[in-house]
Amino acid sequence: MMTSEKPPLPGDGQRDEADLGSGVEQEVTLEAARDGWDSKVEYFLAQLGFSVGLGNVWRFPYLCHQNGGGAFILLYVVLMVLVGVPLFFLELAAGQSIRQGSIGVWRHISPKLVGIGYSSCVVCFFVALYYNVIIGWSIFYMGNSFQYPLPWEKCPTEGNITVKECAASSPTSYFWYRKALDITDSIDETGEFNPIITGCLLAAWVIVCLAMYKGIKSTGKVMYFSSVFPYVVLLCFLIRGLTLDGASEGIKFMFYPRLEILADVQVWRQAATQVFFALGLGFGSVIAYSSYNPRNNNCHRDAFTVSGVNFLTSVLASLVVFAVLGFRAKTIATNCVKRNLKAISSADLFINASNVESLTLKSYEDWYRSKGQYLKIPDYNITACSLEEELKQGVEGTGLAFIAFTEAMTLFPGSPFWSVLFFLMLLNLGLSTMFGTMAGILTPLTDTFKTLRNHKLIFTMCSCVLGFLIGLMFTQRCGNYFVTMFDDYSATLPLIIVVIFQTISVAWVYGADRFLEDLKRMLNRPVPVVYKYLWKYVCPVAMLGLLGASLLKMVLNRPTYTAWNREKASKEDLPYPGWALAVLVTLIIVAFLPVPIGYLHSLLLDRLGQSPADTEARYQPCATTDTDLTPLDTLHPLLEENHHSHSPNGHIESVQSSVL
């Protein structure tokens with residue numbers, strides 16, 4: 001609990017220390033008990049489901065491969081321990097002790113900081129808008145997986161001629177860009193709405209609404225499936241993947257350590273950013289989920305457990321991804337070798353290989369470097385057939401999930417079965433993260449405003465309807481470019497700023513020593529003093545460095561996006577037009593704006609002689625204890641003097657923070 005021997009914080013109904021220390025009976029306001037998790041398992045699965053998302057499957061493997069393999073994993077672990085776990089523990093502890101969403105938590109520390117909570121809500125809303133579109137894409141692909149052969153296995157034909165765009169790219173690329181997205185050549189070309197993707201987006205929002213309509217009571221039950229099922233699928237894919245030819249090459253390629261790359265500042269920036277997003281810091285969802293815990297829950301152990309499982313999940317996903325992509329790459333490279341040797345044989349050229357079928361990729365690579373690249377065959381180009389180059393293709397984000405991985409699955413026996421499993425896994429990974437994101441919006445607002453709390457179901461439904469209507473912008477033919485814009489810019493900088501303010505608020509405004517004392521009282525055990533120095537110095541410096549590196553990258557390099565050129569049937573990087581730059585800058589400003597507005601609003605009220613609680617009758621001060629969850633002997637001695645606040649079952653009813 002965030003209490004101490006110091007005077008109460010502003011805006012919480014102050015009483016001076018003389019009054020608090022006197023024997024005068026204090027008034028304790030009773031209110032309805034806060035909801036709680038039905039079991040610790042539900043809570044753990046909810047936190048794990050939120051932190052383990054799509055990024056673990058398609059972002060971490062890409063970063064690991066691009067940034068030094070095993071060396072990147074070592075750097076990631078170091079940053080996770082020094083920065084990620086302490087900040088994750090801070091959010092868990094703040095939510096559990098104050099028992100409010102993000103708005104109430106930071107208002108409890110100081111009314112001037114209430115904007116941090118609102119900023120988290122705005123970012124959660126931005127993320128929810130485009131994240132549900134990705135879930136809609138997964139629904140679309142899963143629906144198309146109940147066919148044999150899979151619709152992206154072969155190029156379609158017009159008459160007896162293969163469609164030019166497909167022939168020039170690949171069946172999976174064509175299906176993704178033309179059949180699924182029907183994408184335009186640039187963000188300037190809007191195009192009409194995609195009716196099928198719009199329907200899938202509607203289905204995604206309906207699922208989210210049904211899972212959230214009773215708050216954590218309904219969400220917790222859904223988590224038993226949505227959080228556990230992805231692990232079952234990953235293990236199935238791992239077992240299947242390790243039996244494939246080329247799996248070992250793929251895994252070696254990924255984990256081979258390249259220590260020299262650690263001298264690159266951008267590698268550190270990407271590792272810190274991945275730690276930041278992998279744990280869901282700054283969204284307010286971690287705070288929201290932990291606020292439903294009993295006060296004596298060991299959140300310190302939870303911080304290490306969830307972080308550890310999150311990291312192991314990323315490694316497991318990386319093993320699966322590169323085992324399967326290694327198989328895909330070796331299959332493509334082997335077929336390439338066979339085509340080249342067939343062309344050489346047709347041209348009556350000699351190659352030193354007694355048996356073409358037994359020629360290994362390594363032997364071909366050696367031959368190509370010494371002789372093959374110099375051969376000239378009319379109307380045919382002898383290529384290197386590089387396994388490494390094939391492994392580099394399409395290993396990030398949607399390129400991995402909807403192009404490279406889907407192509408690999410077409411090579412599996414019983415490909416529809418594996419395709420359904422894969423996209424059902426993506427669906428559940430996305431939904432479990434989406435539930436946490438929505439909790440980061442709904443929990444703080446319903447905690448703050450009594451009207452919304454009294455009409456929680458209507459508020460939840462209206463939020464989902466609003467999200468769907470705004471999300472229609474992503475179902476246009478150019479919608480994928482807006483998804484990329486929101487993913488790159490609507491959350492990263494605002495969340496980094498939010499976490500910096502969160503850390504400074506606890507470590508310096510409230511006081512790290514004071515917070516550690518509160519945690520010692522709440523957990524009935526001392527918390528390692530090392531957290532004081534991590535929160536006060538290491539974490540703020542690391543986050544400021546990440547903010548500086550991110551801003552520097554934006555300033556030095558004009559923001560670009562990857563577009564699909566229909567005529568060339570290939571991807572190309574294009575700079576954002578002026579109006580799009582204005583949009584992305586607006587996203588960043590709108591997400592961060594509540595922080596200074598909240599501060600200025602509090603200063604204005606101080607000048608007028610009002611407290612923030614006086615200006616909004618519906619604004620509820622933080623309830624820092626909870627019915628049926630808090631034994632009497634864990635509360636501040638002050639509360640023990642309030643004999644009239646005991647409930648019949650021997651527990652303390654919810655008490656407003658004004659008396660603490």
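How each quantity is defined
Residues numbered from 1 in each chain as written. Predicted model: local features only at pLDDT ≥ 70, side-chain atom pairs only at ≥ 80, totals over all residues. Heavy atoms only, no water. Disulfide = S-S within 2.5 Å. Helix = DSSP H or I, 4+ residues; strand = E, 2+ residues; numbered from the N terminus. Buried < 20%, exposed > 50% of the residue type's maximum accessible area, 1.4 Å probe, protein only. Polar contact = N/O pair within 3.5 Å; in protein donor to acceptor, adjacent residues only side chain to side chain. Contact = heavy atoms within 4.5 Å. Expected span 1.5 Å × (residues − 1). Arc of directions from axis to C-beta.

Caption draft 1: Molecular detail of the state of the cysteines. What the rule picks out here adds up to one disulfide. Note on cysteine connectivity: cysteine 155 is disulfide-linked to cysteine 166, with sulfurs 1.9 Å apart. Across the disulfide from cysteine 155 to cysteine 166, rotation about the S-S bond amounts to roughly -85°, and the bridge is consequently left-handed. A residue pair is termed long-range when its members are at least 10 positions apart, and cysteine 155 in the loop between α7 (114-144) and β1 (157-158) and cysteine 166 in helix α8 (residues 164-168) qualify at eleven residues.

Caption draft 2: Structural detail: the side chain of serine 505. Turning to its location among the elements, serine 505 is positioned in helix α24 (residues 492-523). A relative accessible area of 1% places serine 505 in the buried class. Of note is the side chain of serine 505, whose polar atom sits 2.5 Å from the backbone oxygen of phenylalanine 501. Look past the residues within four positions of serine 505 in its chain and what remains in contact with it is Trp106, Ile109, Leu113, Ile116 and Tyr510.

Caption draft 3: How the structure looks around helix α26 (residues 578-592). Over its 15 residues, α26 extends 21 Å from the first C-alpha to the last, a length consistent with the 21 Å expected when each residue adds 1.5 Å. Of the residues making up α26, those classed as buried are Ala580, Leu581, Leu584, Leu587, Ile588 and Ala591. Mapping the buried residues of α26 onto a view down its axis gives an arc of 120°, with all of them on the same face. Where α26 is buried, its residues contact α7, α23 (479-490), α24, α25 (530-556) and α27 (594-608).

Caption draft 4: Seen up close, unusual backbone geometry. Omega for the peptide link from tyrosine 148 to proline 149 comes to 0°, which places this bond in the cis form. When you line up the elements, proline 149 lands in the loop between α7 and β1. The phi dihedral of asparagine 524 is positive, around 60°, even though this residue is not glycine. Mapped onto the secondary structure, asparagine 524 falls in the loop between α24 and α25. Relative accessible area serves as the criterion here: at 52%, asparagine 524 is assigned to the exposed category.

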